[in-house]
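# Results of the structural survey
Below are the chains, spelled out letter by letter.
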Amino acid sequence: MVHDSSSNSVRARLTNAVLDMHLHCIGLKLQDIRLRSYVKVLFRHLLALTKSPLSHPRHKRRAQIILLSLVFTALTTVSGVSYAGWNIFNRLYSFYKYSWRRGGPFLLRRTRSQLQLVTGARIMYIKEGEDAVQSASHGVEENNGETKRKKIFIPPKDEDLYEHDKFLFKNAETERGKLSTIFYSKFLNQMSVLSKILIPSMFDKNALLLTLQIFFLVMRTWLSLFVARLDGQIVKDIIAGKRRKFLIDLVIWFLIALPASYTNSAIKFLQRKLSLNFRVNLTRYIHDMYLDKRLAFYKVTFDSKATSSVIKNIDNSITNDITRFSDATCSVFANIAKPVIDLIFFSVYLRDNLGTFGVSGIFINYFITGYILKSYTPPLGKLSSASSAADGNYYNYHLNMINNNEEISFYQGTEVEKKKVFQLYDTLMDRMLNISKKKFNYTMIEDYILKYTWSGLGYVFASIPIVFSTGSSNEGREQNNMKDFIVNKRLMLSLADAGSRLMHSMKDISQLTGYTNRIFNLLCILHRVHSVDFNYGAATKLMDDPADTNATSRHLLSKMKSPEKEEVISGTVQRKFRGIRLENIDIMIPSVRGKSGIKLIKKLTFQIPPHLDQLSSKTSSLQDITSMSNIPLPFLSGQASSLLILGPNGCGKSSIQRIIAEIWPIYNKNGLLSKPDSSSLLCIPQKPYFTRGGTFRDQIIYPMSSDEFFDNGFKDKVLVWILSEVHLDYLLKRAPGWSYLDEVTEWKDVLSGGEKQRMNFARILFHKPKFIVLDEATNAISADMEDYLFNMLKKFRFSFITISQRPSLIKYHDMLLEIADRDGKWQLQTLGTDEAITTIDHEIEELQIKLQKVEEWKKQRDELQQKLTIL
Ligand SMILES: Nc1ncnc2c1ncn2[C@@H]1O[C@H](COP(=O)(O)OP(=O)(O)OP(=O)(O)O)[C@@H](O)[C@H]1O
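Residues numbered from 1 in each chain as written. Predicted model: local features only at pLDDT ≥ 70, side-chain atom pairs only at ≥ 80, totals over all residues. Heavy atoms only, no water.

### Some details on the overall build of the chain
Within the chain, the regular secondary structure consists of 26 helices and 13 strands. Residue burial in the chain is summarised as follows: out of 871 residues, 41% are buried. For the chain, the proportion of contacts with a sequence separation of at least 24, taken over those separated by at least 6, is 75%. Carbon and sulfur atoms provide 59% of the accessible area of the chain, an area that totals close to 49,300 Å². (Helix = DSSP H or I, 4+ residues; strand = E, 2+ residues; numbered from the N terminus. Buried < 20%, exposed > 50% of the residue type's maximum accessible area, 1.4 Å probe, protein only. Contact = heavy atoms within 4.5 Å. Areas by Shrake-Rupley, 256 points an atom, 1.4 Å probe, with all protein chains shown as cover.)

Right, dumping it as structure tokens:
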């Protein structure tokens, strides 16, 4: 009984407290209201209070606060619950969809990691979470079904977008010289162009993230305002000894802490997510332009700005600068938006408390101190750009050393390399230290003004309403003063904090201008190089860029009558030709001088095969890779011919190959290059190339990827046969079965010079192009092997052009192109004709004359030896 009565009294007391709280707080009488209709009645009452002009001001304000906090709490709960719900749904769905498969949802073939869709889009699967980290650190490629994989969709490349953006970048690049009061308008200009890549449309995912971030920033400010007032209220409750009100306010304090902490972490999360998305957008944009058929990655070295640090260390620009730019953009945005929203909200609120005079005082103070700080801000943009360049140089030098470690060791070049590395490291340290030094004075002034002057002035302004106010009763006045002071002081401090963050972000903006400039320049250059009318850095383009025009190019420009109108590259390329034909082509080194540059070979004209017949067009259909996957060679029939290009070092032999591969331009207007389609032509460069981190199979099938290899139904059997054809099958014996084909190593270092060159022949046999251009492809191979390989090419009826310095190769060719030393002259002859025989006869005569002199030389040698013994 006792227990019952005491529990009844506790319940009655609690009911009374709840009723009292509603009555005192918002004037709502709860006596006649049932629990079921409570929420409806409460909402109606709160809405009526906020709408009605007759309601008590205190009740009205409380109703507004409760309504707003209810809305925010509902929003955060709904977003949290929907996110969790979506995750649960996804998991259940994938469980349902893939439960029947053994080994989990992502059973992929080891070599397949992506799918190419008809639209040109790609779907990739990458390892996710801890699995990825573990397998990366152990270098293990796992393929059990339990490995978690993430699906990534890569949209197809939009060619029109690049054509459109090209002009956007060009216009922004040429517009210069405008300075605004706070920062360069150039920066805003560049940023507005870049923003189209970062946020492509209003309905983009990133636009949504940005809107969400702004929403949370506003919410954060509103919550701070609310907390400041609650703080003042709690102090007032304590001083006035209002126990119940104190408890109510304390409950609200703990409740409001929930959305407040959610908001803060949401802001940080959104900032990081946005930065990552920006990085993805920029990287994809650059990769699509840098790595496509127009070969921007090669041509970029010929641009007029190729010597700038952005291009010299383009790897660093693409990897590190993009990350720094994305991070800096997002943090500057958050660092500016936060204090700006704070300033607006707090100043509106403070205007009511401090009056217009107080708020104007605060802002005048901000502007004056802002001006002082601006004049002391070091040029951090330039400094960080210079430091980034030094960083790139240092990193690149190390990379170069790793790539050429064997050559350096042979030369014993450690000392020279060490000096260079030290020098680059010192430059880097110097530049980093320079930034710290420049920051030192600034940080001191900044601290003095932002930390001490502002809070001091804050107290002055916060005391204004107290000093000038006239209260009714002494006691009530003291309590209200205390409350107002607490609220004002808190807001003033927040305002000072907002102001100081705004001032701090000036430094960040200055740094961001540096990164923006680097990224913008990189994109401008890439657009220029990627363009179909890229002019290989000829002087006309420098017209756009007066800053870069040096004395030579200015001189050149003055010589040209109307450089803008003149087309620099005016040669013609004809494709799908049934052979290779060069007509009147001037072989010139691409340079700033354009058409008036160095001419290596003049008006070069030749063609293979020398005569085209109907049959040869049919033979090219035999090259169809899909139908040839498993058919062993020999496979070609019909006409085949070969040309040997002979000439001394540096006369421009390899440059002919560059023209055929279209990586160098044809400057002269009457120059015509006719070439077959890309699948019928393979150019073998002088320096053998091997992909990094690729298998032995990848090296044989290059430039085909292993994905394509398997997709096209090729089998390893073909590769084994090819290896035996080029006498490299002994390599396969280094591992059991054919597992050596899956071996991954640094092939550039593992294979010997001759083996590397024989791998080139393996590539030829695999791809079966109708036409091949070989540049010194056998100079490291023994004479008997060389003989075998050339006979093999002839046996399989490949048409080939060989570039060499050795006349001994004449016997494998039908035609000979001799390039004279330095004067650009050349001579073409058909081998086996009277003309060729007379040339060979001449050579025999010359050799016979030399042989006659042998006795005379022997005498000279004996005389010299006698002299040496006397000495
Ligand atoms: N990217 C370049 N920039 C400037 N000059 C270049 C470039 N590439 C080649 N050259 C120059 O063009 C000239 C011809 O070069 P090329 O490579 O065609 O010579 P080559 O006849 O093949 O000589 P070698 O027999 O030694 O290979 C050389 O003097 C070389 O310095």
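Having seen the structure, we can now continue with the description.
### A few points about the site of the ligand
What surrounds the ligand is a group of 15 residues, the closest being Asn649, Gly650, Lys653, Ser654 and Ser655. At 2.6 Å from an oxygen atom of the ligand is found a side-chain nitrogen or oxygen belonging to Lys653. Ser655 places a side-chain nitrogen or oxygen 2.6 Å from an oxygen atom of the ligand. Here the ligand loses 63% of its free accessible area of 640 Å² to cover by the protein chains. The residue makeup of the shell around the ligand, split by class, is 6 nonpolar, 7 polar and 2 charged. (Near = heavy atom within 4 Å. Polar contact = N/O pair within 3.5 Å; in protein donor to acceptor, adjacent residues only side chain to side chain. Nonpolar A, V, L, I, M, F, W, Y, C, P; charged D, E, K, R; others polar.)

### A short note on the sheet that holds strand 6 (residues 599–608)
Here 4 strands make up an open sheet; going across it, the order is 4-8-5-6 and the pairing mixed. Sheet topology places strand 4 (572–574) and strand 6 at the edges, where each strand pairs with a single neighbour. Mean inter-strand twist for the sheet, computed between neighbouring axes without regard to direction, equals 20°. Sheet topology note: the strand 5 (residues 580–588)/strand 8 (residues 672–674) ladder contains 3 bridges and is antiparallel. Among the inter-strand pairings, Leu582 is bridged to a residue of strand 8, identified as Leu673. Running over the sheet, helix 18 (residues 653–660) touches strand 5, strand 6 and strand 8 and is turned about 120° from strand 5. (Pairing = 2+ DSSP bridges. Axes fitted to C-alpha atoms, helices over the stretch in contact; angles between N-to-C directions.)

### What to know about the nonpolar core
Ranked by size, the top nonpolar core spans 81 residues in total, and within it Leu523, Leu582 and Ile656 carry the most contacts. Element by element, the count of residues in this core is highest for helix 15 (residues 474–530), at 11 residues. Not counting the four nearest positions on each side in its chain, Leu523 is found in contact with Phe169, Leu194, Ile197, Leu282, Tyr285, Ile286 and Met289. Formed by 48 residues, the second largest nonpolar core is a distinct cluster that contains Ile684, Phe696, Leu765 and Leu774. (Core = buried A, V, L, I, M, F, W, Y, C linked by side-chain atoms within 4.5 Å.)

### Here we look at the packing of helix 5 (residues 159–174) against helix 8 (residues 243–290)
Running from N to C, helix 5 and helix 8 cross one another at 105°; their axes reach a closest spacing of 12 Å. Comparing the axis directions of helix 5 and helix 8 gives the class roughly perpendicular. Every residue of helix 8 that contacts helix 5 at Leu161, Tyr162, Asp165 and Phe169 is listed here: Arg284, Tyr285, Asp288 and Met289. Looking at the contact of helix 5 with helix 8 residue by residue, the class counts come to 5 nonpolar, no polar and 3 charged. (Parallel < 35°, antiparallel > 145°, perpendicular 65-115°, else oblique.)

### Remarks on the sheet that holds strand 9 (residues 681–684)
Pairing within the open sheet is mixed, and its 6 strands lie in the order 9-10-11-7-12-13. In this open sheet, the two edge strands, each paired with only one partner strand, are strand 9 and strand 13 (826–830). Direction aside, neighbouring strands of the sheet carry axes that sit 10° apart on average. Judged from the 4 bridges that link them, strand 9 and strand 10 (residues 771–775) form a sheet pairing that is parallel. Across the sheet, Cys683 pairs through a bridge with Val773, a residue of strand 10. Relative to strand 11 (residues 799–804), helix 24 (residues 783–795) is tilted by about 155°, and along the sheet it contacts strand 7 (642–646), strand 10 and strand 11.

### As for the confidence of the model for the chain
Close inspection of predicted coordinates is inappropriate in any region flagged by low pLDDT. Summarising the model, the chain shows a mean pLDDT of 80, and 84% of its residues fall at 70 or more. Segment residues 101–111 is flagged for pLDDT under 50; beyond a separation of four residues in sequence, or across chains, it makes 17 contacts in the model. The model gives residues 136–145 a pLDDT under 50, and that stretch makes 12 contacts with residues more than four places away or in other chains. (pLDDT = per-residue confidence, 0-100.)

### Thoughts on the environment of Lys196
Position of Lys196 among the secondary structure elements: in helix 6 (residues 185–198). Judged by relative accessible area, Lys196 falls into the partly exposed class, the value being 47%.

### Quick word on the packing of aromatic side chains
The geometry of an aromatic ring pair comes down to the distance between the two centres and the angle between the two planes. For the structure shown, the criterion picks out 22 aromatic pairs. Relative to Trp747, the ring of Tyr740 has its centre 5.7 Å away and its plane inclined at 85°; by these criteria the two rings are edge-to-face. A residue is classified by how much of its surface remains accessible, and Tyr740, at 6% relative accessible area, is buried. Judged by relative accessible area, Trp747 falls into the buried class, the value being 0%. Look at Phe790 and Tyr812: their rings are 4.9 Å apart centre to centre, the planes differ by 10°, and that puts the pair in the stacked class. With Phe790 in helix 24 and Tyr812 in the loop between strand 11 and strand 12 (815–819), the pair connects residues that are 22 residues apart, well separated along the chain. Following the ring pairs from residue to residue traces out a cluster consisting of Tyr298, Phe302, Phe534, Tyr536 and Trp664. Over the ring of Tyr162 we find Lys157; its NZ or CZ atom is 5.4 Å from the centre of that ring. A cation over an aromatic ring shows up here: Arg763 above the ring of Phe690, its NZ or CZ 5.2 Å from the ring centre. (Phe/Tyr/Trp six-rings, centres within 6.5 Å; stacked < 30°, edge-to-face > 60°. Lys NZ or Arg CZ within 6 Å of the ring centre and 35° of its normal.)

### Some words on a nonpolar patch on the surface
Side chains of Val71, Leu75, Leu208, Leu212 and Phe215 sit close together on the surface and give an oily, nonpolar patch of about 420 Å² of accessible area. Those elements that place two or more of their residues in the nonpolar patch are helix 3 (57–98) and helix 7 (205–240). For the nonpolar patch, the element with the most residues is helix 7, which contributes 3 residues. By the element assignment, Leu212 lies in helix 7. The partly exposed category is assigned to Leu212, whose relative accessible area is 34%. (Patch = residues over 30% accessible without salt bridge, like charges linked within 9 Å, V, L, I, M, F, W, Y side chains within 5 Å. Salt bridge = Lys/Arg side-chain N within 4 Å of Asp/Glu carboxyl O.)

### Brief notes about the environment of Tyr371
With respect to the helices and strands, Tyr371 occurs in helix 11 (residues 314–376). Taking the C-alpha atoms as reference, Tyr371 lies 9.8 Å from Met503; in sequence the two are 132 residues apart.

### Quick look at the pairing of strand 2 (residues 122–127)
Side chains Ile123, Tyr125 and Lys127 of strand 2 all project onto a buried face; the interleaved residues Arg122, Met124 and Ile126 project onto a face where none is buried. As paired strands, strand 2 and strand 3 (residues 149–154) are joined by 6 bridges and run antiparallel to one another. When the bridges of strand 3 are listed, Met124 appears paired with Ile152.

### So, a positive patch on the surface
On the surface, a cluster of positive charge is contributed by Lys150, Lys205, Lys273 and Arg284. Relative to the helices and strands, Lys150 is located in strand 3. The class of Lys150 is partly exposed, set by a relative accessible area of 41%. (Lys, Arg positive; Asp, Glu negative; His and termini not counted. Charge placed at Lys NZ, Arg CZ, Asp CG, Glu CD.)

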